[in-house]
Amino acid sequence: MEGLCCKLTQATEIDLILMHNDERWMRAAINEAVAAGEEGEVPVGAVIVREGRIIGRGHNQREMLKDPTAHAEMIALSAAASSVGSWRLEGCDIFVTLEPCPMCAGALVQARISRLVFGALDPKAGACQSLYEIPTDSRLNHTVEMDGPLFAEECGGLLTEFFARQRALGKK
């Protein structure tokens, strides 16, 4: 019985460490989202972590780059791939403030991301839980472990405030 107790305690400690790290990395993604909002972009941010350090980060830049694919996840994936010198991002976790869309969810599978942690659900375009479940679809050549939502209210609040400001200005 004593051995079991020790194993449970160790598992709980590991879970606490992971939870603490998830919160730390999501805070970094939230900072990216805030930067996007300050640039007039939809406030979505992402960071990619490998072995306890950020190897890629990004935030929405569709307006600035005039590029429909310039989502936070896509920019973070490109930065991470450049950082490790490979498109294969096995052993990497991505933290993103909004549930990824179909394009981004597909890119996470193609990049072989190990784990996705997302903030707010996206009932209109979410492809990880809300409308589709692309990352966990066993018919695909790779699946992505998922956790979330994490800090959903805070992440969603950034979007709500942004769009309220845009409507007040007669935009979007």
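Above: the structure in question.
So, here's what we can say about the structure.

Basis of the calculations
Residues numbered from 1 in each chain as written. Predicted model: local features only at pLDDT ≥ 70, side-chain atom pairs only at ≥ 80, totals over all residues. Heavy atoms only, no water. Helix = DSSP H or I, 4+ residues; strand = E, 2+ residues; numbered from the N terminus. Polar contact = N/O pair within 3.5 Å; in protein donor to acceptor, adjacent residues only side chain to side chain. Contact = heavy atoms within 4.5 Å. Axes fitted to C-alpha atoms, helices over the stretch in contact; angles between N-to-C directions. Parallel < 35°, antiparallel > 145°, perpendicular 65-115°, else oblique. Left-handed = near helix turned anticlockwise from the far one by under 90°. Pairing = 2+ DSSP bridges. Core = buried A, V, L, I, M, F, W, Y, C linked by side-chain atoms within 4.5 Å. Buried < 20%, exposed > 50% of the residue type's maximum accessible area, 1.4 Å probe, protein only. Phe/Tyr/Trp six-rings, centres within 6.5 Å; stacked < 30°, edge-to-face > 60°. Lys NZ or Arg CZ within 6 Å of the ring centre and 35° of its normal.

## Comments concerning the side chain of D93
For D93, the location among the structural elements is in strand 3 (residues 92-98). At 3.3 Å, the side chain of D93 and the side chain of R115 are in polar contact. With near-sequence residues (within four places) excluded, D93 lies in contact with V47, I48, V49, S114 and R115.

## Overview of the packing of helix 3 (residues 72-84) against helix 4 (residues 102-110)
Where helix 3 meets helix 4, the axes come as close as 9 Å, and the angle between the chain directions of the two elements is 25°. With respect to each other, helix 3 and helix 4 are oriented roughly parallel. When the axes of helix 3 and helix 4 are compared, the crossing they make is left-handed. Of the residues in helix 4, those touching helix 3 at E73, M74 and L77 are M103, C104, A107 and L108.

## As for the side chain of E32
The topology assignment puts E32 in helix 1 (residues 2-38). Within the local environment of E32, its side chain forms a polar contact with the side chain of H59, the two groups lying 2.8 Å apart. When residues no more than four places from it in sequence are discounted, the contact partners of E32 are G45, A46, V47, R57, G58 and H59.

## Concerning the sheet that holds strand 2 (residues 53-59)
Read across the sheet, 5 strands follow the order 2-1-3-4-5 without closing on themselves; strand pairing throughout is mixed. Both edges of this open sheet fall to strand 2 and strand 5 (145-147), since each of them pairs with a single strand only. Here the strands of the sheet are splayed against their neighbours by 20° on average, with no regard to which way each runs. Across 6 bridges, strand 1 (residues 45-50) lies against strand 2 in antiparallel orientation.

## A few points about the nonpolar core
One finds I48, L77, L89, I113 and L116 to be the most contacted residues of the largest nonpolar core, which totals 41 residues. Listing elements by their share of this core, those giving two or more residues are helix 1, strand 1, helix 3, strand 3, helix 4, strand 4 (115-120) and helix 5 (152-168). When residues in this core are grouped by element, the largest group, 6 residues, is from helix 1. Filtering out sequence-adjacent residues up to four positions away, I48 remains in contact with R53, I54, I55, G56, A76, L77, A80, L89, C92, D93, I94 and I113.

## Concerning the packing of aromatic side chains
By the definition in use, this model includes 1 aromatic pair. Aromatic side chains F162 and F163 sit 5.1 Å apart centroid to centroid with 80° between the ring planes, which places their arrangement in the edge-to-face category. Here F162 falls in the buried class, since its relative accessible area comes to 1%. Take F163: its relative accessible area is 28%, and that puts it in the partly exposed class. The aromatic ring of F151 is capped on one face by R27, whose charged end is 4.2 Å from the ring centroid.

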